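Working through the structure, step by step
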Amino acid sequence: MSSPVAPSSTSTPPGGAGRVAVVTGASSGIGAATAERLAADGFSVVLAARRIDRLTELAERIGGRAVQLDVTDPDSVAALAAGLDRVDVLVNNAGGAFDTNPVADADLDSWQRTYDVNVLGTVRVTKALLPALRASGAGDLVFVGSTAGLVSYEGGASYTAAKHGVHTLVETLRLELVAEPVRVVEIAPGMVRTEEFSLNRTRSQEKADAVYRGVREPLVAADVADCIAWAVTRPHHVNVDLLVVRPRAQAAQHKVHRESD
């Protein structure tokens, strides 16, 4: 009996040649690293974020296009969509965590902000750019989730609730778009050391540094960008539903190996 042969796919060119990728939250961290990696792979990259100065500097360096975007502002999202002639890949990366309070001491303003950015902002951008992704004939809809969307932990309720929302959004979209030429991909990183994520959450450089203390090799933004680039350059009949990526030192959400000084 002969071995099955995977069907060939001609709908997606090798690498990013001729394809347009929009990356939200592209001014720093995973978003910036993803924009840089996709540009290196031949994509025409549209970098979208609020901080236009940082965005413009990166866009000029990698040959991309900078667009100021606030995912919580419907008019800003509409302007982004109106300014795009083509979209082949959307990387929904904009998000963040903004507190470490237990539920009993919940800061509801922080909860609102967390949900607005991570969930409603993601829905808003997805809805606006989905027609262009459909029209491309081979669209990729990528969500940068988190292991916090799969497992809950103390002191993280506002963020874990939001990222669980993103995870459910992804699963629902994949069901709804199954007959359409759009892949729905979720990348769920664990511990990633970036310059801002933990600092925004703890509001203390000392506390932010403590998150990674003793961890020999936490992931960095480029590691996650590598996963995203790999997923969107597979033949288009191959869908990476969910890719969980952690540093080797992190076996689970609560199991992290730390070396003593």
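Preceding this section is the structure that the text describes.
Note that this is a predicted model, so its numbers are computed, not measured.

**Observations concerning helix 5 (residues 157-176)**
With 20 residues, helix 5 extends 28 Å between its outermost C-alpha atoms, agreeing within 8% with the 28 Å of an ideal straight helix rising 1.5 Å per residue. Listed in full, the buried residues belonging to helix 5 are Ala157, Ser158, Tyr159, Thr160, Ala162, Lys163, Val166, His167, Leu169, Val170, Leu173 and Arg174.

**Looking at the pairing of strand 3 (residues 65-68)**
The pairing of strand 2 (residues 44-49) with strand 3 spans four bridges and is classified as parallel. Following the sheet pairing, Ala48 is matched in strand 3 by Val67.

**A closer look at the side chain of Asp140**
By the secondary structure assignment, Asp140 is in strand 5 (residues 139-144). Its relative accessible area of 0% is what places Asp140 among the buried residues. Reaching out from Asp140, the side chain makes a polar contact with the side chain of His236 at a distance of 3.2 Å. Each residue touching Asp140, except ones within four places of it in the same chain, is listed here: Arg19, Asp88, Val89, Leu90, Leu133, Arg183, Val232 and His236.

**With respect to the sheet that holds strand 1 (residues 20-24)**
One open sheet accounts for seven strands, arranged 3-2-1-4-5-6-9; its pairing is parallel. Looking at strand neighbours, the two that pair on one side only are strand 3 and strand 9 (242-245), the edges of this open sheet. Going across the sheet, the axis of each strand differs from the next one's by a mean of 15°, ignoring polarity. In the packing of helix 1 (residues 29-40) onto the sheet, the strands contacted are strand 1, strand 2, strand 4 (89-92), strand 5 and strand 6 (182-189), and the crossing angle to strand 1 comes to about 170°. With respect to the sheet, helix 8 (residues 221-232) is in contact with strand 4, strand 5, strand 6 and strand 9, its orientation differing from that of strand 6 by roughly 160°.

**Structural notes on the environment of Leu242**
Mapping Leu242 onto the fold places it in strand 9. You can call Leu242 partly exposed: its relative accessible area is 38%. C-alpha of Leu242 to C-alpha of Glu186: the two residues are 56 residues apart in sequence and 4.8 Å apart in space. For Leu242, the contacting residues outside a window of four places in its chain are Leu150, His167, Glu186 and Ala188.

**Quick word on the packing of helix 1 against helix 8**
Across the interface, helix 1 lies against helix 8 with an axial gap of 8 Å and an inter-helix angle of 50°. Here helix 1 lies oblique to helix 8, going by the angle between them. For the crossing formed where helix 1 meets helix 8, the hand is right-handed. Contact residues: helix 1 offers Gly29, Ile30, Ala33, Thr34, Arg37 and Leu38, while helix 8 offers Ala221, Ala222, Val224, Ala225, Asp226, Ile228, Ala229 and Val232. Class assignment for the residues of the contact of helix 1 with helix 8 results in 10 nonpolar, two polar and two charged.

**Regarding the environment of Pro181**
Relative to the elements of secondary structure, Pro181 occurs in the loop between helix 5 and strand 6. Aside from chain neighbours lying at most four places away, what touches Pro181 is Leu133, Arg134, Gly137, Ala138, Gly139 and His236.

**Looking at the packing of aromatic side chains**
If you walk through the whole model with that rule in mind, you get zero aromatic pairs. Across the ring face of Phe98, the terminal group of Arg113 is positioned such that the distance to the ring centre comes to 3.7 Å.

**Here we look at the pattern of salt bridges**
All chains considered together, the criterion is met by eight salt bridges. With a closest N to O distance of 2.8 Å, Arg19 and Asp140 form a salt bridge. Within this pair, whereas Arg19 is found in the segment before strand 1, its partner Asp140 is found in strand 5, the two being separated by 121 residues in sequence. Side by side, Arg19 and Asp140 carry an identical accessibility label, which is buried. Taking the shortest distance from any N to any O, the salt bridge between Asp88 and Arg86 comes out at 2.8 Å. A single network of salt bridges, built from pairs that share partners, joins Arg19, Asp140 and Arg183.

What counts, and where the lines are drawn
- Residues numbered from 1 in each chain as written.
- Predicted model: local features only at pLDDT ≥ 70, side-chain atom pairs only at ≥ 80, totals over all residues.
- Heavy atoms only, no water.
- Helix = DSSP H or I, 4+ residues; strand = E, 2+ residues; numbered from the N terminus.
- Expected span 1.5 Å × (residues − 1).
- Buried < 20%, exposed > 50% of the residue type's maximum accessible area, 1.4 Å probe, protein only.
- Pairing = 2+ DSSP bridges.
- Polar contact = N/O pair within 3.5 Å; in protein donor to acceptor, adjacent residues only side chain to side chain.
- Contact = heavy atoms within 4.5 Å.
- Axes fitted to C-alpha atoms, helices over the stretch in contact; angles between N-to-C directions.
- Parallel < 35°, antiparallel > 145°, perpendicular 65-115°, else oblique.
- Left-handed = near helix turned anticlockwise from the far one by under 90°.
- Nonpolar A, V, L, I, M, F, W, Y, C, P; charged D, E, K, R; others polar.
- Phe/Tyr/Trp six-rings, centres within 6.5 Å; stacked < 30°, edge-to-face > 60°.
- Lys NZ or Arg CZ within 6 Å of the ring centre and 35° of its normal.
- Salt bridge = Lys/Arg side-chain N within 4 Å of Asp/Glu carboxyl O.

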